[in-house]
Amino acid sequence: QVRLAESGGGLVQAGGSLRLSCLASGRSLFSIKALGWYRQPPGKQREVLVATITRDGQTNYADTVKGRFTVSSDFAENTVYLQMDSLKPEDTGVYLCYADSRPYGDEGLGYDYWGQGTQVTVSS
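Below or above, wherever it landed, is the structure these notes cover.

Cut-offs and rules
- Residues numbered from 1 in each chain as written.
- Predicted model: local features only at pLDDT ≥ 70, side-chain atom pairs only at ≥ 80, totals over all residues.
- Heavy atoms only, no water.
- Core = buried A, V, L, I, M, F, W, Y, C linked by side-chain atoms within 4.5 Å.
- Buried < 20%, exposed > 50% of the residue type's maximum accessible area, 1.4 Å probe, protein only.
- Helix = DSSP H or I, 4+ residues; strand = E, 2+ residues; numbered from the N terminus.
- Contact = heavy atoms within 4.5 Å.
- Disulfide = S-S within 2.5 Å.
- Patch = residues over 30% accessible without salt bridge, like charges linked within 9 Å, V, L, I, M, F, W, Y side chains within 5 Å.
- Areas by Shrake-Rupley, 256 points an atom, 1.4 Å probe, with all protein chains shown as cover.
- Salt bridge = Lys/Arg side-chain N within 4 Å of Asp/Glu carboxyl O.

Examining the nonpolar core
Argument step 1. Membership of the largest hydrophobic core comes to 30 residues, with the highest contact counts inside it found for Trp37, Leu82, Met84 and Tyr95.
Argument step 2. Within the residue set of this core, elements represented by two or more residues are strand S1 (2-7), strand S3 (18-26), strand S4 (32-40), strand S5 (48-54), strand S7 (69-74), strand S8 (79-84), strand S9 (93-101) and strand S11 (118-123).
Argument step 3. With 4 residues, the single largest contributor to this core is S3.
Argument step 4. With residues near it in sequence (within four places) discarded, Leu82 still touches Leu18, Arg19, Leu20, Trp37, Val50, Ala51, Phe69, Thr70, Val71 and Tyr95.

As structure tokens, then:
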């Protein structure tokens with residue numbers, strides 16, 4: 001079981017910055033292979049990928065945030081961060097922390113864990 005708790009969301013004007021943090025807790029944290037962030041746009045049910053980072057440092061970004069957002073992690077502290085610069089109104093949404101746990105190895109059955117989300121609102 002993994003619990004994820006986000007913080008750092010808020011209101012910001014276009015062009016501003018925010019830094020999101022997520023702390024993972026639980027008993028199987030050693031099995032987490034990747035951490036990241038998804039965004040649930042206003043009025044939509046599905047989350048879209050924002051950025052992920054693996055334990056070995058591989059990152060993946062949505063095209064819409066490349067060059068503006070930076071995902072980083074401290075797996076020893078079970079944390080993941082999202083530095084959000086040059087924010088745009090299109091970045092608005094609920095940002096959900098995500099963890100990919102692979103207790104049976106990288107190619108085995110995995111489990112996805114999600115935080116409750118933190119609201120990010122970017123005004124124009």
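From this point, things continue past the structure.
With respect to the state of the cysteines
Argument step 1. A complete count under the given rule lists 1 disulfide for this structure.
Argument step 2. Covalent S-S linkage joins Cys22 and Cys97, the inter-sulfur distance amounting to 2.0 Å. One disulfide, between Cys22 and Cys97, carries an S-S torsion of -90° and so falls in the left-handed class. With a gap of 75 residues between them, Cys22 in strand S3 and Cys97 in strand S9 connect regions that are remote in the sequence. Across the pair, exposure class does not vary: Cys22 and Cys97 are buried alike.

Brief notes about the side chain of Thr52
Argument step 1. With respect to the element layout, Thr52 can be found in strand S5.
Argument step 2. A residue is classified by how much of its surface remains accessible, and Thr52, at 13% relative accessible area, is buried.
Argument step 3. Excluding its chain neighbours within four sequence positions, the residues that come into contact with Thr52 are Leu35, Gly36, Gln58, Thr59, Asn60 and Val71.

Focus: a nonpolar patch on the surface
Argument step 1. Among the surface-exposed residues, Tyr104, Leu109 and Tyr111 lie close enough to one another that they form a single nonpolar patch of about 350 Å² accessible area.
Argument step 2. With respect to the secondary-structure elements, Tyr104 resides in the loop between S9 and strand S10 (111-114).
Argument step 3. Residue Tyr104 is classed as exposed on the basis of its relative accessible area of 58%.

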